[in-house]
Amino acid sequence: MTHNNEDLLNRIVSLCKRRGFVFPSSEIYGGFSAVYDYGSYGVELANNIKSLWWKVMVRENENIVGLDASIFMHPKAWEASGHTSGFSDPLSECKECHTRVRADHILEEAGVFADEKMNEEEINRLFEENKEKLRCPKCGSSDFSKVKKFNLLVQSNLGNFTGDWNKEPVYLRGETCQGIYVNFKNVLDSTRVKVPFGIAQIGKAFRNEITARQFVFRKREFEQMEMQYFIHPDGATQSFEEWRDRRWQFYIDMGIKKENLKWHEHENLVFYAKAAWDIEYKFPFGFKELEGVHYRTDHDLSQHSKFSGKDLSYRDPKTNEKYIPHVVETSAGVDRTFLAVITDAYTEEKLEDGNERTVMKFPKELAPIKIAIFPLLRNKPELVKKAREIYDSLKARYMCEFDDNGNIGKRYRRQDEIGTPYCVTVDFDTLEDGTVTVRNRDSMKQERKKIEELKEYLEKELSPF
Ligand code: GAP
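Given the structure is predicted, the values throughout are model-derived calculations rather than measurements. (Residues numbered from 1 in each chain as written. Predicted model: local features only at pLDDT ≥ 70, side-chain atom pairs only at ≥ 80, totals over all residues. Heavy atoms only, no water.)

Chemist: Could you give an account of the pairing of strand β13 (residues 286-295), with specific residues and numbers?
Modeler: Of all 10 residues in β13, seven are buried; the element is thus mostly enclosed. Pairing of strand β12 (residues 275-283) with β13, which is carried by nine bridges, proceeds in the antiparallel orientation. By the bridge assignment for β13, Asp-278 is matched with Gly-292. What sits between β12 and β13 in their antiparallel hairpin is a turn of two residues. Pairing geometry for β13 and strand β16 (residues 326-333), over five bridges, is antiparallel. Counted as the bridge partner of Glu-291 is Ala-332 from β16. (Buried < 20%, exposed > 50% of the residue type's maximum accessible area, 1.4 Å probe, protein only. Helix = DSSP H or I, 4+ residues; strand = E, 2+ residues; numbered from the N terminus. Pairing = 2+ DSSP bridges.)

Chemist: Could you give an account of the site of the ligand, with specific residues and numbers?
Modeler: Near the ligand you find 21 residues, and of these Glu-175, Lys-219, Glu-226, Glu-289 and Glu-329 are the closest. Side-chain polar atom of Glu-329 to a nitrogen atom of the ligand: 2.8 Å apart, as the coordinates give it. Within the side chain of Arg-336, a nitrogen or oxygen atom sits 3.5 Å from a nitrogen atom of the ligand. Considering the ligand on its own, with 550 Å² of exposed area, one finds that the protein chains cover 97% of that surface. Taken together, the residues of the shell around the ligand sort by class into five nonpolar, four polar and 12 charged. (Near = heavy atom within 4 Å. Polar contact = N/O pair within 3.5 Å; in protein donor to acceptor, adjacent residues only side chain to side chain. Areas by Shrake-Rupley, 256 points an atom, 1.4 Å probe, with all protein chains shown as cover. Nonpolar A, V, L, I, M, F, W, Y, C, P; charged D, E, K, R; others polar.)

Chemist: Any chance you could break down helix α11 (residues 381-394) for me, citing the residues and the numbers?
Modeler: Here α11 contains 14 residues, and its C-alpha end-to-end distance of 20 Å stays within 8% of the 20 Å for a straight helix at 1.5 Å per residue. Within the span of α11, buried status applies to Leu-383, Val-384, Ala-387, Ile-390, Tyr-391 and Leu-394. In a view along the axis of α11, the buried residues occupy a sector of 130°, so they form one face of it. For α11, the exposed residues set more than 90 degrees away from the buried face come down to Pro-381 and Lys-385. Against the buried residues of α11 lie β19 (371-375), β20 (400-402), β21 (422-426), α13 (428-433), β22 (435-440) and α14 (451-462). (Expected span 1.5 Å × (residues − 1). Arc of directions from axis to C-beta. Contact = heavy atoms within 4.5 Å.)

Chemist: Explain the pattern of salt bridges to me, using residue names and the numbers behind them.
Modeler: Per the counting criterion, the structure on display carries 35 salt bridges. When the shortest N-O distance is used, the salt bridge between Lys-395 and Asp-392 registers 3.2 Å. (Salt bridge = Lys/Arg side-chain N within 4 Å of Asp/Glu carboxyl O.)

Chemist: Run through the nonpolar core, naming residues and quoting values.
Modeler: Core analysis: the largest hydrophobic core is formed by 56 residues, its most contacted members being Phe-21, Leu-45, Tyr-251, Phe-338, Ile-342 and Phe-362. Ranked by the residues each element gives to this core, the list is headed by helix α2 (residues 40-59), at eight residues. If sequence neighbours within four positions are ignored, Leu-45 has contacts with Phe-21, Phe-338, Val-341, Ile-342, Phe-362, Leu-366 and Pro-368. Core analysis: the next-biggest nonpolar cluster, separate from the first, contains 20 residues, Phe-402, Tyr-422, Val-436 and Leu-454 among them. (Core = buried A, V, L, I, M, F, W, Y, C linked by side-chain atoms within 4.5 Å.)

Chemist: Go over the domain arrangement of the protein, please, and point to the residues and values.
Modeler: The domain boundaries assigned to the protein delineate domain 1 (5-73 + 175-342) and domain 2 (369-461). One C-alpha centre belongs to domain 1, the other to domain 2; they are set 38 Å apart. Of the residues lining the interface, seven residues belong to domain 1; the matching set on domain 2 comes to seven residues. Each partner contributes to the roughly 650 Å² buried at the junction of domain 1 and domain 2, and carbon and sulfur atoms together form 50% of this total. Three residues stand out in domain 1 for area buried against domain 2, namely Arg-19, Tyr-41 and Glu-44, and they jointly supply 72% of the buried area on that side. The tally of links between domain 1 and domain 2 comes to two salt bridges. Across the pair Glu-417 and Arg-18 runs a salt bridge, and its minimum N-O distance is 2.7 Å. Counting the contacts that link domain 1 with domain 2 gives four residue pairs in polar contact (both at pLDDT 80 or more). Breaking the side of domain 1 that touches domain 2 down by element, the ones donating at least two residues are α1 (5-18) and α2. (Domains from an automatic or database assignment. Buried area = accessible area lost by both parts, 1.4 Å probe.)

So this is what it looks like as structure tokens:
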């Protein structure tokens, strides 16, 4: 079944709320713009996405190590990164209706790509050159004020006892990678890594996003999965290309449909970047950035070296050459991957008997619940007891759910909507011959399996790809 894009997004948002994937934050108070909470199934799905990323990036790479840096950082780190000066959201105002707009978004709508990290002068030049094509999303006017940068970092009052917040503001981090750069030397000195090596981190980031829209695509509090790969400048371009391929393959292996992915190359690069490519996903509101793969040269380590006064260069133990490593960054968003996985999995099917079903066809490794176990009837203690035994024997290995509510058809429908790959039912035959019904989410086929063989069967079916 096909729907127009807005309708599809509405259906996804509605299912996410109804089935406990995503709730609007502080909903009983009317919600809080661009902030969302993950419900019971949402947190399982998000955790599975993060575990998969960690497995592929850290566990499977000898020369990539993990890190969990704090959300608070020394204020100087944000000066070094450029976030507190020219590195903030470019804003403009429609002169007709006074709507504030993100200049890079207005340019993007007009088919002109602008990097949000470009300076005011560069964005104003693009605005001027493309004046005719720009449209206010509210009133359609092309008359905009000059673009001004707006600091996207979220300020806190940490340790501020005087109330003068502008004296030395402490920010919530706007991206996780800065925590990686400031720990470059610590990691080098405390582990056995040698250049080339990577540092990977999953963590929260905060931004004062001016446009709050598109569900969890653009949040003010979100989560990033970033890896910074430190490499000799001579090998950086090749490494960038390798990482580009590997990050594309990550989504393919995860089970995302190839036709819903595409590359976007940034044409207007920030001054320090040599290359920047985005992997875009076809969200219900069109192809948009899912992950960025960037070649950032030695800019970040050089800046932190300059601002901290600490030498962040590397001495090659074999050649004795001393240099500042270059960085290839892979930067993915947990929330955007979550929305891509949900969008990709969302399926409405017309069944042979004329009924319809909504089923989330999640890749098995990502499914929030792997197995649901039902007693056929809740008022038959022998069935409940047997079903509980099976549930107890599987729950330590897999995320399982025990359900004895309503009839079997209703239970299947509910499990389909949360994307559970297997449902196991205990019925009267179970008590006679020790077999159960195993129902497959996608084919809806039901097979009888012996209880003793169940574990082995499920292990084979659910083993990680
Ligand atoms: N360190 C580089 C960096 O932060 P970015 O393109 O600004 O680059 C990287 O962000 C990724 O973080 C994006 O591709 C996206 O997946 C995620 N992201 C950025 N802003 C976001 C937001 N407001 N809400 C949800 N995810 C966001």
